[in-house]
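Now for the letters of each chain:
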Amino acid sequence: MHPAQQPVRRSLAILAVLTTAFLTPAHPFAQSGTGRRSLVTAEGRDVRLWDAQISRMVRDGRLRSRGEEADLVLGGRSHERLDQYHQGVKVFGGELVRQADGGQTVSVIGALYAGISLDVEPVLGPQDAAAIVADMTGVSVGPDRAPELIVLPTDEGGYALTYRVRVLTDDDLAVFFVDAGTGGLVLRYSDLQTTIGTGQGVLNDTKKVSATLRNGTYLALDGMRPPSIRTYDLKGNLARTQAYVNGLLTLNDTDLAADADNEWTDPAAVDAHAYAGWTYDYLYKRFNRQGLDHRNLPMTSIVHPVRREDWASAPSSVLNLYYLNAFYAGGGVMVYGEGLPAGATMGGRQWKYFSGALDVVAHELAHGVTDYTSDLIYRNESGALNEAFSDIIGTSVEFFYQQAGSGRLQADYLLGEDLTEPSGAFRSMANPQAYGDPDHYSRRYTGTADNGGVHHNSGIANHAFYLAIEGGVNRTSGLAVQGVGAASRAKIESVFYRAFTQLLPANATFSMARAATLQAARDLYGAGSDVERAMEQAWSAVGVS
Amino acid sequence: MIAAVLALASALAASPTLAQSLDGQPARQQPPQAAKPAAQPDGKQAAPRTQPAGAKAPPARKAAPPQTSKAWKGRGFAVVSVGAQLAAPGYTSTADFTVHAEDATLNADATIGIGPAFGARGGVRVWKNLAVGGGLAVVSTSQELAITGRLPHPFQFNRYREVSGTADGLARTETLVAFEVSWLVALARRVDMFVFAGPAYINVRQDMATRIQFNESFPYDTATFTGVETASVSGGGVGATGGIDVSYLVTKRLGIGGELRYSYAPATLTPSTQPASVGLGGLQAAFGARILF
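Keep in mind that what you see is a predicted model, and the values were worked out from it rather than measured. Throughout this description, residue numbers start from 1 for each chain and increase along the sequence as written. Each chain is given a letter, starting from A, and each ligand a number, starting from 1, according to the order in which they appear as written. With pLDDT at 70 or above as the cut-off, local features in this predicted model cover only qualifying residues; side-chain atom pairs require 80 or more to be listed or tallied, and sums for whole chains, interfaces and linings still use all residues.

J.: Any chance you could explain the overall build of chain A here in plain terms?
T.: Helical segments are the DSSP runs of H or I of at least four residues, strand segments are the runs of E of at least two, and each set is numbered from the N terminus. Assigned secondary structure in chain A consists of 12 helices and 26 strands. In terms of principal-axis extent, the alpha carbons of chain A reach across some 90 × 55 × 40 Å.

J.: I'm lost on the overall build of chain B in this one. Help?
T.: Per the secondary structure count, chain B includes one helix and 10 strands. Written out in order from the N terminus, the α and β elements of chain B read α-β-β-β-β-β-β-β-β-β-β. Exposed residues have 12 or fewer other C-beta atoms within 10 Å of their own C-beta, buried residues have 20 or more, and residues in between are partly exposed; the C-beta atoms are placed from the backbone. Within chain B, buried positions represent 39% of all 293 residues. Within chain B, residue pairs in contact and separated by at least 24 positions form 71% of the contacts whose partners lie at least 6 positions apart. By the criterion used throughout, residues are in contact when their C-beta atoms, derived from the backbone, lie within 7 Å.

J.: Would you explain the confidence of the model for chain A in this entry?
T.: Across chain A, the average pLDDT comes to 89, with 91% of residues at 70 or higher. A residue's pLDDT is the predictor's confidence in that residue, given on a scale from 0 to 100. Note on residues 1–43 of chain A: pLDDT under 50 across the span, and 98 contacts to partners over four residues away in sequence or across chains.

J.: I'm lost on the sheet that holds strand E16 (residues 258–259) of chain A in this one. Help?
T.: Strand pairing in a sheet is mediated by backbone hydrogen bonds. Such pairs are either parallel or antiparallel. Residues and elements named next belong to chain A. Following DSSP output, two strands are said to pair if at least two bridges run between them. Strand order in the open sheet formed by five strands is E16-E13-E12-E11-E17, and the pairing between neighbours is mixed. If you trace the sheet from one side to the other, it starts and ends with E16 and strand E17 (263–264), each paired once. In this sheet, strand E13 (residues 217–219) lies alongside strand E12 (residues 206–214) in antiparallel orientation, the contact comprising three bridges. Opposite Leu-213, over in E13, you have Tyr-218 as the bridge partner.

J.: Mind showing me how you'd approach helix H6 (residues 316–323) of chain A here?
T.: Working note: α-helix, 3.6 residues per turn, so residues spaced by three or four point in the same direction. Residues and elements named next belong to chain A. For H6, the set of buried residues is Leu-319, Tyr-322 and Tyr-323. For H6, the arc enclosing every buried residue in end-on projection is 105°, short of the 170-degree limit, so these residues lie on one face. The outward face of H6, more than 90 degrees from its buried face, is lined by the exposed residues Ser-316 and Ser-317. Buried positions along H6 lie against helix H4 (238–245). Picture the helix axis, draw a direction to every C-beta atom, and the arc is the one those directions span.

J.: Quick question: what am I supposed to make of helix H5 (residues 267–287) of chain A here?
T.: Residue and element names in this part refer to chain A. Under the 1.5 Å per step criterion, the end-to-end length of H5 is 29 Å for 21 residues, consistent within 8% with the ideal 30 Å. When you tally the buried positions in H5, you get 17 out of 21 residues, the bulk of the element. A positive phi of about 60° marks Asn-288, the residue just after H5. Between the first and last residue of a helix there are one fewer steps than residues, each counted as 1.5 Å, and that sum is the expected span.

J.: Where do I start with the sheet that holds strand E15 (residues 229–233) of chain A in this structure?
T.: All names here are of chain A. Taking strand neighbours across the sheet as the criterion, the five strands line up as E14-E15-E18-E20-E19 in an open arrangement whose pairing is mixed. Each edge of the open sheet carries a strand with a single partner, namely strand E14 (221–222) and strand E19 (326–330). Across five bridges, E15 lies against strand E18 (residues 299–303) in parallel orientation. Paired with Ile-229 across the two strands is Met-299, which belongs to E18.

J.: I tried to follow the packing of helix H8 (residues 380–401) of chain A against helix H9 (residues 449–470) of chain A on my own but got confused; where do I start?
T.: If you want to describe how two helices pack, look at the angle between their axes and the distance between the axes. All names here are of chain A. Lines fitted to C-alpha atoms define the axes, with helix axes restricted to the stretch in contact, and inter-axis angles between N-to-C directions lie between 0 and 180 degrees. Packing of H8 against H9 brings their axes to within 6 Å, and their N-to-C directions diverge by 55°. What the angle tells us is that H8 and H9 run oblique. When the axes of H8 and H9 are compared, the crossing they make is right-handed. Where H8 approaches H9, its residues Asn-380, Glu-381, Gly-383, Ala-384, Leu-385, Asn-386, Glu-387, Ala-388, Asp-391 and Ile-392 are matched on the opposing element by Asn-451, Gly-452, Gly-453, Val-454, His-455, Asn-457, Ser-458, Ala-461, Asn-462 and Phe-465. Among the residues forming the contact of H8 with H9, the class breakdown is seven nonpolar, 10 polar and three charged. Under this scheme an angle from 65 to 115 degrees is roughly perpendicular, one under 35 degrees roughly parallel, and one over 145 degrees roughly antiparallel; angles in between are oblique. A crossing counts as left-handed when the near helix is turned anticlockwise from the far one by less than a right angle, and as right-handed when that turn is clockwise. Think of it as three bins: nonpolar holds Ala, Val, Leu, Ile, Met, Phe, Trp, Tyr, Cys and Pro, charged holds Asp, Glu, Lys and Arg, and polar takes everything else, Gly as well.

J.: Please explain the environment of Phe-496 of chain A as it appears in this structure.
T.: All names here are of chain A. Mapping Phe-496 onto the fold places it in helix H10 (residues 489–503). Taking the number of C-beta atoms within 10 Å as the measure of exposure, Phe-496 has 24 and is therefore buried. For the pair Phe-496 and Val-361, spaced 135 residues apart in the sequence, the C-alpha separation amounts to 19 Å. Dropping the residues within four chain positions of it, Phe-496 is found in contact with Phe-389, Ile-392, Phe-465 and Thr-517.

J.: What's the story with unusual backbone geometry in this structure? I'm lost.
T.: Among all residues save glycine, negative phi is the norm, and among peptide bonds the norm is trans. Residue Glu-421 of chain A is joined to Pro-422 of chain A through a cis peptide bond whose omega torsion reads 0°. Here Pro-422 of chain A is to be found in the loop between strand E23 (420–421) and strand E24 (427–428). The step from Phe-218 of chain B to Pro-219 of chain B runs through a cis peptide bond, and the omega angle for that step is 10°. Topologically, Pro-219 of chain B is positioned in the loop between strand E7 (191–216) and strand E8 (223–249). Positioned with a positive phi, His-100 of chain B is a non-glycine residue whose angle comes to about 50°. Relative to the helices and strands, His-100 of chain B is located in the loop between strand E2 (91–99) and strand E3 (102–112). Using a count of 21 C-beta atoms within 10 Å as the deciding quantity, one classes His-100 of chain B as buried.

J.: Explain the confidence of the model for chain B here, please?
T.: One rule of thumb: low pLDDT means the predicted coordinates there are not for detailed reading. Residues and elements named next belong to chain B. A residue-level look at chain B finds 76% of positions with pLDDT of 70 or above and a mean pLDDT of 82. For the stretch residues 1–55, pLDDT sits under 50, and the model shows 67 contacts to residues farther than four places along the chain or on other chains. Low pLDDT, under 50, characterises residues 63–69; the stretch is placed with 13 contacts to residues that sit more than four places away or in other chains. Quick note on the complex model: pTM equals 0.73, ipTM equals 0.73.

J.: Looking at this model, I keep getting lost on the environment of Ala-267 of chain B. Mind explaining?
T.: The residue Ala-267 of chain B is located in strand E9 (residues 254–269) in this model. What Ala-267 of chain B contacts, discounting residues up to four positions off in sequence, is Val-204, Gly-235, Gly-236, Gly-237, Val-278 and Leu-280 of chain B.

J.: It is not clear to me how the pairing of strand E6 (residues 104–111) of chain A should be interpreted in this structure. Could you clarify?
T.: Consecutive side chains of a regular strand alternate in pointing toward one face of the sheet and then the other. All names here are of chain A. Where strand E5 (residues 89–101) and E6 come together, seven bridges link them in antiparallel fashion. Bridging across to E6, Val-97 finds its partner in Ile-109. Here E5 folds back onto E6 in antiparallel fashion, the turn holding two residues, of which Gly-102 has a positive phi close to 60°.

J.: Looking at this structure, how should I read the packing of H9 of chain A against H10 of chain A?
T.: All names here are of chain A. Here H9 crosses H10 at 145°, and the two axes come no closer than 9 Å. As H9 runs across H10, the sense of the crossing is right-handed. Together, Phe-465, Ala-468 and Ile-469 of H9 and Arg-489, Ile-492 and Phe-496 of H10 make up the contact between the two elements. Residue composition of the contact of H9 with H10, grouped by class: five nonpolar, no polar and one charged.

J.: Explain the environment of Gly-119 of chain B here, please?
T.: All names here are of chain B. Summarising the element assignment, Gly-119 is placed in strand E4 (residues 115–127). Classification of Gly-119 by C-beta neighbours within 10 Å gives buried; the count is 23. Considered as a pair, Gly-119 and Thr-251 are 132 residues apart in the sequence and their alpha carbons are 22 Å apart. Once residues within four sequence positions are removed from consideration, Gly-119 is found in contact with Ser-81, Gly-135, Leu-136, Ala-137 and Ala-286.

J.: Whenever I open this one, the nonpolar core confuses me. Can you help?
T.: What tends to happen in soluble globular proteins is that the nonpolar side chains get buried as a cluster. Residues Tyr-336, Phe-465, Ala-468 and Ala-538 of chain A are the most contacted members of the largest nonpolar core, which totals 99 residues. Looking at this core, the element that brings in the most residues is H5 of chain A, giving 11 residues. For the purposes of this description, domain bounds are those given by an automatic or database domain assignment. Residue assignment places this core across two domains, with domain 3 (193–372) and domain 4 (376–545) of chain A each supplying three or more. Among all residues touching Ala-468 of chain A, those that are not within four sequence positions of it are Val-481, Gly-483, Val-484, Ile-492, Ala-534, Met-535 and Ala-538 of chain A. Ranked by size, the runner-up nonpolar core spans 39 residues in total, among them Leu-106, Val-139, Ala-209 and Ala-285 of chain B. As used here, a nonpolar core is made of buried Ala, Val, Leu, Ile, Met, Phe, Trp, Tyr and Cys residues. They are joined through C-beta atoms within 7 Å.

J.: What is the right way to look at the pairing of E7 of chain B in this model?
T.: All names here are of chain B. Across 14 bridges, strand E6 (residues 160–188) lies against E7 in antiparallel orientation. Note on E7: the bridge partner recorded for Ala-186 is Asp-192. As consecutive antiparallel partners, E6 and E7 are separated by two residues, and within that stretch Arg-190 has a phi angle of approximately 70°, a positive value. With 25 bridges connecting them, E7 and E8 associate as antiparallel partners. Bridging from a neighbouring strand, Glu-216 pairs with Ala-223 of E8. Between E7 and E8, which pair antiparallel and follow one another directly, the connecting turn spans six residues, one of which, Tyr-220, has a positive phi of 65°.

So, in structure tokens, the structure goes:
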């Protein structure tokens, strides 16, 4: 037998798979919800019964044929699709597919719904539904996409009279079901064919990749989370990278990182894409925040902005920014450095793709959160607080997903420690001085470099965050802090999040940060709580009053 | 139904006025034992007993109750019945399937419902009341599944959502073919009982759960069970069957009766990747026509 014929044979073995309790109550199958059933099996004799039943339903208008198509594999066979209707209104998902051989029914497969008692006179018109969806999406549909009145079986087991509207937005192909009586949104789902693949990250760890299948290719376009999360592979084209970041170029689907079989092999793309999603999830689960702007701003990652093999000839500015750095470019766009090719070193270390460190990815995305909240001015003390907040979120995301420890892919208070070989870090929150950063306000950098030491003085707030959780003694002041403990780290995270996103002004100082976090501690956990005490001791220990 | 069959049998057997008609002939009145030596089963006449001199003659005995060991002189029997399977062993099955690029698991605990049964038996007498023959039974039932499952999270490995639910109305059809040895016991006039047993092969075609249908939405930390996908699976196993069949002869050769049968055979079915041990058979009760020939 030709292999292609096997499924056909198999389908013939099951002569009919039908639904609806009201038609064949003796053979209900896989009931879900109340008042309706789905999937009923019937043997050969039952197929003939169903055949007659279908004819009756067609006659009385409960089924309407969508047409018949000839079987392209088996001569003489044909397939007819029949839609279920309730008082002239189509029932969403109610459909039978009848296969015939020379006019004789061979199988009937499908699902019908029972117990529908809806009044099908809508209060709203289709134009009202279109306007409601336009309000939600900012997209108006044309006349050939007019909302369709439809009976929607709900997850609760009932039915709703709705208008169905399919809208292509910037980041989704969404289907809306608007209540034809109240105008409320009954259901929305994405029509994008999203799928989960797997891929190896920069550190050879396997992770899941939320992708979209288009034209036979899997794209790094996450349609499963509320915002669109895209990862573009610019294939080392620095000019295009810069043009895109500067708003001079629009990227399209062909620029998305792609994979033929959904087993992704580009570690830079895998980690950038996965970690962006993880960071979104952290913000949502921990703070109920919906993305960078709390309005599900699309998140865009750029990988391979330059060619690795060009590193030796790259200007130092390009080397520092596009090879050995990562940055938030505004508007939800992150650019991840390419690192160095195998064997090449800088500062005695090999450098991996910058998207390979979860804390780095979350750090950059946290700049986006700051952009849309306190918008801390990126210089001097407010700039240091801006950096500190990103370090705090980066580290917190690590602890949210990874086991605490000191190895690779483990959560710690180091920043970027997974990016280099041998392992190094950019900063330490537990001991800022170990990386040349101040752990006490008295040691702060007061020069003009680095925008007034934003990447150095961040160590002061970073250390306060660390002490408030873990406790300990500040090496400069000698003051001891009783932390809330690692098990309660979420409390300190919430305090810093509240203070830095809702209470601080753009030109905040360390002193304001102390006041804001103490206020947040009192707001969230009450005056005199262990959280407030820990925060107070921590800021005092780092010399901020 | 079972109670009705047993009540009928016991009521008829308890009646001392009813004689047997194993050979299809009207029973004759048994003479008192003292008047004539009883006939032995082999046809020889037993020696007459003597009473000691002066001893009182024992009171005349009433007619002996019907003897169940009375010889069956027919050539065989045939039975067709319609009834129901009243109880059947459940089973558990598991299935692995892929969700979000990771293995998901389904555990199904099946309960078999009551369903119609159709049967036929027949046999040829080979020795005294012993007959050998065969039996056929077809049972159509439905199953209810209690489903539990673990569904992987879409974004993280080794983070599962537990779901549970039920799916009912899954089809199941069993066909039993048995070699049966039957022993005829006369219970009363016109009332016979076959006790039968033998090896059996039971074939089954049934729907088995292969995949959980569910709803999920961001942040995907939970999932909601909505149903199951199934596969129609067939298989069979060798086991045993046995039961009793009580019949009432309306005419010399035709009767009506009821039957209780219990059958069991183990089988291994593989709906997807994991084989499941399934017990086939169960307790059936049926009524129908009987033919003696």
